[in-house]
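So you can see what is in the structure, the chains are spelled out below.
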Amino acid sequence: MQNPVEVLEFRLAQEKYAVESQYVREIHPLKELTPLPCTPPFVVGIVNVRGRLVPVLDLKKFLDLPEKGLTDLHFIILVRGEDFEVGVVADVIVGVRSIAVDTLQPTLGALTGARSEFLKGVTAERLVVLDLGRVLSNKRIIVHDEVES
Amino acid sequence: MKWSVGTKMGAGFGAVLLIFVIVGLLSYRSTTQLIGASEWRQHTYKVLGQLDAVLSSLQDVETGQRGYLLTGDEKYLEPYQNGLGKIDASLKEVRRLTVDNPRQQSRLDALEPLVKNRLALAKETIDVRRAGSAEGAVQIIKSGRGKAFMDAVRKVISEMKSEEDELLQTRSAETQTNANRMQWTILVGMLVALMLGALAGFVITRNIARPLQNLTAIAERITVGDLQANISSNGRADEVGVLAKTFDRMTLSLRTMAGAAEEIAAGDLRTSIKPKSANDVLGNAFAKMVQNLREQTLQLIEGASVLSTSASEIVASTTQLASSATESATAVSETTTTVEEVRQTAEVTSQKAKGVSDSAQKAAEISDKGRRSADAATIGMNRIRQQMAAISESMTRLSEQSQTIGQIIATVEDLSAQSNLLAVNAAIEAAKAGEHGKGFGVVAQEVKSLSEQSRQATNQVRTILNDIQKATTAAVLATEQGSKAVEAGEKQTEDAGESIQKLAGSVAEAAQAATQIAASSQQQLVGMEQVAVAMESVKQASTQNVASARQLETAARNLDELGQQLKHMVERYKV
């Protein structure tokens with residue numbers, strides 16, 4: 001195996017996804033989610049993780065992925081950006097595994113488009129590996145909406 | 001003789017009575033005389049007694065004197081003193097009794113001085129002796145004066161006694177004569193009275209009893225109905241003659257009545273009898289009888305003609321009756337046959353009813369058993385219901401416990417999810433540690449694998465539990481349905497029990513009714529047999545009836561002939 005990278009595999013709406021574990025801080029069950037008004041649709045709400053308030057994002061909505069079936073949303077994956085921390089919802093956490101970066105194939109036509117920039121590639125088992133660094137550095141993620149009262 | 005019967009009888013009995021009165025008077029006088037004579041005899045005996053007493057007293061004096069003289073003892077003077085006291089009284093009595101007899105009085109005059117002298121002598125001797133001179137006293141006695149005095153006294157008393165005896169004899173003879181004469185008088189008087197009475201009786205019998213006997217004989221003949229006797233009064237004007245004339249008139253009257261009766265007997269009712277007075281019972285009765293006979297005979301004639309007609313009608317009716325009786329007898333015979341058939345039918349019915357009754361009894365017994373079974377079924381259903389309730393409770397508990405198991409499984413699942421999460425986090429941490437975290441990563445991988453196994457096991461348990469819960473739910477539902485079914489079954493069993501109960505009651509009633517029917521049928525059979533016997537009797541009676549009707553017809557014919565004869569007989573009466 002060449003250039004192995006540790007990834008955290010999880011499932012969301014019957015799709016298998018994986019993120020690089022270097023960005024993952026910990027996994028937490030999704031509890032006491034408080035919806036937050038005046039936020040983009042991909043912000044599901046905020047949760048309290050050991051005294052810290054963490055916003056929770058839905059990657060599917062963020063990446064404009066097609067909605068396929070119902071989601072379970074049992075877990076949040078706490079990921080760390082440069083100066084902030086967000087939670088990403090997941091249905092099932094499969095586990096940590098190592099994959100070779102070389103074996104990643106370019107994204108399929110279905111994922112081409114505006115959002116393909118956030119994907120690293122797809123393994124032979126159709127595991128979509130997200131490029132979390134780009135996601136977290138994207139400006140959209142900084143919410144700055146003003147609600148006129 | 002123109003004397004009446006009473007006068008004749010008075011005269012006869014009067015003569016006899018007169019003679020009896022005369023004889024009675026004579027007897028009375030004679031008896032009075034006898035009483036007087038008896039008194040005189042008594043008087044004489046008294047005089048004799050007193051004379052004896054004087055003599056006895058003197059002897060007493062003498063005895064006392066002698067005793068004293070001999071002994072000188074005063075005690076021997078007691079008879080002397082007694083004699084002295086009595087002598088004077090006796091002498092006085094004799095004088096009183098013989099006062100009507102001068103001879104006896106003169107003798108008494110002689111006796112008294114003698115007695116005095118004797119007493120004086122006695123006194124003298126006693127005095128001498130008392131003076132002490134016994135010799136002197138003996139001298140006095142030896143003088144013989146005392147004896148002379150006593151002899152004189154004895155002589156006088158003896159004379160007096162003989163005088164009295166003579167008097168007694170004279171008076172006795174006189175009394176005897178009187179009595180004899182009286183006897184004769186009574187005898188003769190009795191004979192005369194007897195003869196006179198017999199004569200009077202004969203004459204009265206001759207004059208009264210014989211004509212009365214004759215009349216009695218005639219009355220006797222009249223009593224037996226012989227009215228032909230002739231009665232003659234013989235010209236007597238007394239009661240007997242009057243009686244004879246009255247008898248004659250009575251027989252004449254009776255003869256007239258007899259003649260009238262003979263005419264009536266001959267059938268001539270035209271005679272009219274006039275009663276001789278208002279009290280003529282026989283005449284009145286005869287007149288009434290003739291009147292009544294006349295009316296009755298008229299009615300009789302009418303009646304005889306009606307009877308004759310009726311008898312003819314009766315003959316016609318009895319002929320019809322006889323033929324009807326014959327028809328009736330035939331009908332009765334047919335009825336008897338029918339009744340016999342009905343009786344046989346009733347017998348069959350009775351037997352059938354008996355069979356039905358027996359079957360009903362068996363049915364009643366079976367229904368009783370059914371009732372008991374129904375009761376047992378009810379009890380069984382009740383037990384099933386209780387057991388179903390217990391099952392239901394158990395199922396509920398089972399359901400609750402599988403719920404609890406579900407909760408425990410959830411907890412275990414949660415634990416497995418958390419340990420999985422922990423394993424993932426540990427793996428992440430191990431990855432962060434790089435080369436140093438490799439071993440930790442293996443451990444995390446193992447933990448993850450364990451959690452995965454436990455999750456799978458939990459999933460299997462859950463699957464099984466789900467199956468169990470499903471099965472339990474189905475069982476609970478089945479139990480509920482079973483409970484309901486049991487309740488329904490219980491209710492139905494109860495209904496069935498009630499129905500069987502009612503059925504048993506009905507069957508029992510039916511059995512009773514069947515028994516009653518059998519009894520009634522038996523009674524009916526008995527009744528029918530009685531009816532058959534009765535019908536037989538009716539048949540016999542009917543046969544007898546026919547015979548009787550024939551006899552009746554004959555009798556009616558006889559009656560008809562009798563009516564004709566009666567009509568002829570009644571026509572003989574002249575009214």
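## A closer look at the overall build of chain A
Helices and strands together make up the secondary structure of chain A, namely two helices and 10 strands. Starting at the N terminus, the α and β elements of chain A follow one another as β-β-β-β-β-α-β-β-β-β-β-α. Residue pairs in contact within chain A that sit at least 24 positions apart in sequence constitute 57% of those at least 6 positions apart. Total accessible area computed for chain A in this model is approximately 8,300 Å², and 51% of it derives from carbon and sulfur atoms.

## Some words on the overall build of chain B
Secondary structure summary: chain B contains eight helices and zero strands in total. Helices and strands appear in chain B in the N-to-C order α-α-α-α-α-α-α-α. Expressed as a percentage of its 575 residues, the buried residues of chain B come to 29%. Counting contacts in chain B only where the partners sit at least 6 residues apart, residues at least 24 apart contribute 80% of the total. Total accessible area on chain B is roughly 36,600 Å²; 59% of this is exposed by carbon and sulfur atoms.

## Concerning the interface of chain A and chain B
Of the residues lining the interface, 14 residues belong to chain A; the matching set on chain B comes to 11 residues. Where chain A abuts chain B, roughly 950 Å² becomes buried across the two surfaces, and 64% of that area is made up of carbon and sulfur atoms. At the boundary of chain A with chain B, the tally comes to zero salt bridges. When contributions to the side of chain A that touches chain B are tallied by element, the ones reaching two or more residues are β1 (4–12), β3 (24–29) and β8 (92–100) of chain A. Among the elements that take part in the side of chain A that touches chain B, β3 of chain A stands out by supplying six residues, more than any other. Split by residue class, the side of chain A that touches chain B holds eight nonpolar, three polar and three charged.

## Regarding the nonpolar core
With 37 residues, the main nonpolar core has Leu 8, Phe 10, Ile 27, Ile 77, Val 79, Ile 93 and Leu 130 of chain A as its most contacted residues. The dominant element in this core, judged by the number of residues it contributes, is helix α7 (residues 281–433) of chain B, at five residues. If we ignore the near neighbours within four places in the chain, the residues touching Ile 77 of chain A are Leu 8, Phe 10, Val 24, Glu 26, Val 86, Gly 87, Val 88, Ala 90 and Ile 93 of chain A.

## Section: the pairing of β1 of chain A
All names here are of chain A. Strand direction decides the pairing type here: β1 and β8, joined by eight bridges, are antiparallel. Bridge pairing in β8 links Arg 11 to Val 92. Alignment of β1 against strand β2 (residues 15–20), held across six bridges, turns out to be antiparallel. Across the sheet, Arg 11 pairs through a bridge with Lys 16, a residue of β2.

## As for the side chain of Glu 163 of chain B
Within the secondary structure, Glu 163 of chain B sits in helix α5 (residues 145–223). Among all residues touching Glu 163 of chain B, those that are not within four sequence positions of it are Asn 101, Arg 103, Gln 104 and Arg 107 of chain B.

## Re the pattern of salt bridges
All names here are of chain B. Tallied over the full model, the rule gives 31 salt bridges over all chains. Between Glu 112 and Arg 95 there is a salt bridge whose closest N-O contact spans 3.0 Å. In this pair, Glu 112 sits in helix α3 (residues 102–131) while Arg 95 sits in helix α2 (residues 78–97), placing the two residues 17 residues apart along the sequence. Since its relative accessible area comes to 25%, Glu 112 is described here as partly exposed. Exposure remark for Arg 95: the relative accessible area of 25% places this residue in the partly exposed category. Ionic pairing is found between Asp 368 and Arg 372, a salt bridge with its closest N-O pair at 3.2 Å.

## What about the sheet that holds strand β7 (residues 85–90) of chain A?
All names here are of chain A. Spatial ordering of the open sheet is given by β3-β6-β7-β5-β4, a layout of five strands whose pairing is mixed. Two strands bound the open sheet, and with one partner strand each, they are β3 and β4 (43–49). Between one strand axis and the next, the sheet turns through 30 degrees on average, direction left out of account. Direction of pairing for strand β6 (residues 75–80) relative to β7: antiparallel, over a ladder of six bridges.

## Overview of the environment of Tyr 80 of chain B
All names here are of chain B. Counting through the fold element by element, Tyr 80 comes out in helix α2. Sequence separation between Tyr 80 and Tyr 68 is 12 residues, and the spatial gap between their C-alpha atoms is 9.4 Å. Residue contacts for Tyr 80: discarding those within four places in its chain leaves Asp 60, Val 61, Gly 64, Gln 65, Ala 122, Lys 123 and Ile 126.

## Brief notes about the sheet that holds β8 of chain A
In space, the five strands of this open sheet follow the order β8-β1-β2-β10-β9 (chain A), with mixed pairing throughout. Sheet topology places β8 and β9 (119–122) of chain A at the edges, where each strand pairs with a single neighbour. On average, each strand axis in the sheet is inclined to that of its neighbour by 30 degrees, with strand direction left out of account. Along the sheet, α7 of chain B contacts β1 and β8 of chain A; its crossing angle with β8 of chain A, the most-contacted strand, is approximately 25 degrees.

## A closer look at the packing of helix α1 (residues 5–71) of chain B against α5 of chain B
Two numbers describe how α1 of chain B lies on α5 of chain B: the axes approach to 9 Å, and their chain directions differ by 170 degrees. Considering their axes alone, α1 of chain B and α5 of chain B lie roughly antiparallel with respect to each other.

## Quick word on unusual backbone geometry
Residues and elements named next belong to chain A. The phi dihedral of Glu 32 falls on the positive side, at around 50 degrees, and the residue is not glycine. With respect to the helices and strands, the residue Glu 32 is situated in the loop between β3 and β4. On the basis of relative accessibility, which here comes to 68%, the residue Glu 32 falls in the exposed class. Although it is not a glycine, Arg 50 adopts a positive phi angle of roughly 50 degrees. Summarising the element assignment, Arg 50 is placed in the loop between β4 and β5 (52–57). Assessed through its relative accessible area of 61%, Arg 50 is described here as exposed.

## Remarks on α2 of chain B
One turn of the α-helix equals 3.6 residues, which is why residues spaced by three or four share an orientation. Residues and elements named next belong to chain B. Over its 20 residues, α2 extends 29 Å from the first C-alpha to the last, a length consistent with the 28 Å expected when each residue adds 1.5 Å. Among the residues making up α2, those that are buried are Tyr 80, Gly 83, Ile 87, Ser 90, Leu 91, Val 94 and Leu 97. Structurally, α2 contributes buried residues whose contacts are with α1, α3 and α5.

## With respect to the confidence of the model for chain B
With 99% of its residues at a pLDDT of 70 or more, chain B shows a mean pLDDT of 85. Scored as a whole, the predicted complex attains pTM 0.38, and scored at its interfaces, ipTM 0.79.

## As for the packing of helix α6 (residues 239–265) of chain B against α7 of chain B
All names here are of chain B. At a closest axis distance of 11 Å, the pairing of α6 and α7 adopts a crossing angle of 10 degrees. Classed by the angle they form, the pair α6 and α7 counts as roughly parallel. Where α6 abuts α7, its residues Leu 254, Met 257, Ala 261 and Ile 264 lie against Leu 282, Gly 283, Phe 286, Met 289, Val 290 and Leu 293. Of the residues belonging to the contact of α6 with α7, the class tally is nine nonpolar, one polar and no charged.

## Topic: the side chain of Arg 171 of chain B
As for its placement among the helices and strands, Arg 171 of chain B is situated in helix α5. With near-sequence residues (within four places) excluded, Arg 171 of chain B lies in contact with Trp 40 and Thr 44 of chain B.

Cut-offs used in this document
- Residues numbered from 1 in each chain as written.
- Chains lettered and ligands numbered in written order.
- Predicted model: local features only at pLDDT ≥ 70, side-chain atom pairs only at ≥ 80, totals over all residues.
- Heavy atoms only, no water.
- Helix = DSSP H or I, 4+ residues; strand = E, 2+ residues; numbered from the N terminus.
- Contact = heavy atoms within 4.5 Å.
- Areas by Shrake-Rupley, 256 points an atom, 1.4 Å probe, with all protein chains shown as cover.
- Buried < 20%, exposed > 50% of the residue type's maximum accessible area, 1.4 Å probe, protein only.
- Buried area = accessible area lost by both parts, 1.4 Å probe.
- Salt bridge = Lys/Arg side-chain N within 4 Å of Asp/Glu carboxyl O.
- Nonpolar A, V, L, I, M, F, W, Y, C, P; charged D, E, K, R; others polar.
- Core = buried A, V, L, I, M, F, W, Y, C linked by side-chain atoms within 4.5 Å.
- Pairing = 2+ DSSP bridges.
- Axes fitted to C-alpha atoms, helices over the stretch in contact; angles between N-to-C directions.
- Parallel < 35°, antiparallel > 145°, perpendicular 65-115°, else oblique.
- Expected span 1.5 Å × (residues − 1).
- pLDDT = per-residue confidence, 0-100.

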